[in-house]
Amino acid sequence: MRLLTHNMLQCHVKKCTDPALNFPLQLQDIELEQVETEENEDLLLNLINKVDYNALTTTAAQLGLVGLPNAIPKDPQADPAFMTRLHEVLLETNITQGKMACRGCGHVYTIKDGIPNMLLAEHEI
Amino acid sequence: MQSTSSPTAPHLPTPNLSHLSSGQDYANVYEPAEDSFLLLDALEADQSLLLETVRPQLCLEVGSGSGVVSTFLAGQVLRTDSPPTDYNSTATLYVATDINPDAARATRKTWLQNGLPDHSLQLVNTRFTEGFHPRFCGTFDVVVFNPPYVVTDPAEVGSHSIAAAWAGGIDGREVIDQFLPMIPTLLSPRGVCYLVLIAQNRPDEVVSIMETHGLRGEIVARRKAGIEYLSIARFSWP
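Residues numbered from 1 in each chain as written. Chains lettered and ligands numbered in written order. Predicted model: local features only at pLDDT ≥ 70, side-chain atom pairs only at ≥ 80, totals over all residues. Heavy atoms only, no water.

Chain B goes by S-adenosylmethionine-dependent methyltransferase in an unreviewed UniProt entry, where it is assigned to Tieghemiomyces parasiticus. Chain B has a UniProt comment under Sequence similarities (unreviewed entry) that states "Belongs to the eukaryotic/archaeal PrmC-related family." Recorded in UniProt for chain B, the comment headed Subcellular location (unreviewed entry) runs: "Nucleus". (UniProt positions renumbered as here; feature names shortened; annotations may be inferred.)

Within an unreviewed UniProt entry, the label attached to chain A reads Trm112p-domain-containing protein, and the organism entered is Tieghemiomyces parasiticus. Quoted verbatim from the Sequence similarities (unreviewed entry) heading of the UniProt record, the comment on chain A is "Belongs to the TRM112 family."

Here we come to the sheet that holds strand β3 (residues 108-112) of chain A. All names here are of chain A. The strand order across the open sheet built from 4 strands is β1-β2-β3-β4, with neighbouring strands paired in antiparallel fashion. Lying at the two open borders of the sheet, with one neighbouring strand each, are β1 (26-34) and β4 (115-116). Bridge count between β1 and strand β2 (residues 93-101): 7 bridges; the pairing is antiparallel. Bridge assignment links Q34 to a residue of β2, and that residue is T93. Most of the contacts of helix α4 (residues 80-92) go to β2, to which it runs at about 60°, and overall it touches β1 and β2. (Pairing = 2+ DSSP bridges. Helix = DSSP H or I, 4+ residues; strand = E, 2+ residues; numbered from the N terminus. Contact = heavy atoms within 4.5 Å. Axes fitted to C-alpha atoms, helices over the stretch in contact; angles between N-to-C directions.)

Taken residue by residue, the interface counts 28 residues in chain B and 26 residues in chain A. Summed over both sides, the interface of chain B with chain A buries roughly 2600 Å², with 58% coming from carbon and sulfur. Taken together, the links from chain B to chain A amount to 2 salt bridges. Among the salt bridges present, the one from R2(A) reaches D118(B), with a minimum N-O distance of 3.2 Å. Secondary-structure elements contributing two or more residues to the side of chain B that touches chain A are β2 (93-98), α4 (101-113) and β3 (121-125) of chain B. With 4 residues, β3(B) is the largest single contributor of residues to the side of chain B that touches chain A. Each residue belonging to the side of chain B that touches chain A can be placed in one class, and the counts come to 11 nonpolar, 11 polar and 6 charged. (Buried area = accessible area lost by both parts, 1.4 Å probe. Salt bridge = Lys/Arg side-chain N within 4 Å of Asp/Glu carboxyl O. Nonpolar A, V, L, I, M, F, W, Y, C, P; charged D, E, K, R; others polar.)

This part takes up helix α7 (residues 203-212) of chain B. Residues and elements named next belong to chain B. Three or more residues of α7 are buried, namely P203, V206, V207 and M210. Looking straight down α7, one finds that the buried residues subtend no more than 100° of arc, so they occupy a single side. With respect to the buried face of α7, the exposed residues turned more than 90 degrees away are D204 and T212. The inward-facing, buried residues of α7 contact α6 (183-186), β5 (187-198), β6 (216-225) and β7 (228-236). A positive backbone phi angle near 90° is found at G214, which sits one or two residues after α7. (Buried < 20%, exposed > 50% of the residue type's maximum accessible area, 1.4 Å probe, protein only. Arc of directions from axis to C-beta.)

Once that is clear, we can look at the packing of aromatic side chains. Using the criterion set out here, one finds 5 aromatic pairs over all chains in the structure. For the pair Y53(A) and F82(A), a centre-to-centre distance of 6.3 Å together with 55° between the ring planes defines the contact as tilted. In this pair, Y53(A) sits in helix α3 (residues 53-62) while F82(A) sits in helix α4, placing the two residues 29 residues apart along the sequence. Ring centres 5.9 Å apart and planes at 15° place the aromatic pair F128(B) and F179(B) in the stacked group. Of this pair, F128(B) sits in the loop between β3 and β4 (140-145) while F179(B) is found in helix α5 (residues 174-179), placing the two residues 51 residues apart along the sequence. Summarising the burial analysis for this pair, F128(B) and F179(B) share the class buried. (Phe/Tyr/Trp six-rings, centres within 6.5 Å; stacked < 30°, edge-to-face > 60°.)

Our focus in this paragraph is the pairing of β7(B). Residues and elements named next belong to chain B. Of all the 9 residues making up β7, 7 are buried; the element is thus mostly covered by neighbouring parts of the structure. Relative to β7, β6 is paired through 9 bridges, and the arrangement is antiparallel. For R222, the partnering residue across the bridge sits in β7 and is S231. The turn linking β6 back onto β7 is made up of 2 residues, and G226 within it adopts a positive phi angle of 60°.

The next point concerns the side chain of H12(A). Take H12(A): it is sitting in the loop between α1 (3-8) and β1. Those residues in contact with H12(A) that lie beyond four places of it in its chain are Y109(A), M118(A), L120(A), E124(A), E130(B) and G131(B).

Residue placement: L43(A) occurs in helix α2 (residues 41-48). Spatially, the C-alpha atoms of L43(A) and H87(A) are 9.4 Å apart, while their sequence positions differ by 44 residues. Those residues in contact with L43(A) that lie beyond four places of it in its chain are L91(A), T90(B), A91(B), T92(B) and H119(B).

What follows is the structure, encoded as structure tokens:
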């Protein structure tokens, strides 16, 4: 899964409702790879509206991925360096295996074959 | 169903599924059948609506299984050499979920086998859209679900294996009825949702239920396949 997918997911254990803690999930023991992909400006502009940018920069920093500014530039299209770095972090950074832990309730979701497993047991829903 | 195209108009090609084999993959993942193909036909019939009016930026398939539907939507219906407008289909993001991890892997295989870019498909092993951040409420421009609609013993509902692809419990409605109230929370203002149903699911009643949720519904395709009377319901905001 790309970091984009991680940015879309949160803990959904029933009692875990604090939005400050159930998102973003904490990546642990992950295997990372960079997958070179052609940059697509329209796709990035679409994603800028969909990404939680604060969560993205927090996660990127934890993974040692530097170079994203603290805030989205006012005119991102006019900032090719930003667009390229966003592309690399969001769409080229791929997690093949690992875990995502909730900072609220501690629930751990696994990532296998690049696919996150968000299924919960009956009593957790 | 009314159609303005000529009866000889060529169909869009069905995605290449040669990488999936009946012995291995289809033991654990639902093999595309008449219900899947009727859904593809309904999407194809709506190509102009989708390209000109909906102009999807975010698409969701629940229960993506083999991946044939999302791959067809992305690779055939929305990707066209001559878009009617400035719509850029390569900027569209796709989300696919399945409760069955083997199905999620098959979805990705089919997507890649048909030349679609890995990074534009976000695959998650989950029920419906459980685990997605609430900011995605009301943002999906296309929502597609070929649900487990077969009338079965209720005890068969809720597995994470291939039975999850078809076991629908009483009237085949148990999973469908869980999904219906989610549709209005998923659809963007211009969004459309396509749902496969059979006669035993009482499609007209499903449409009425969605009207109580404020959505307009209609049956846009029908076909008899073996013992099943299949239909495709389409929902959108009035």
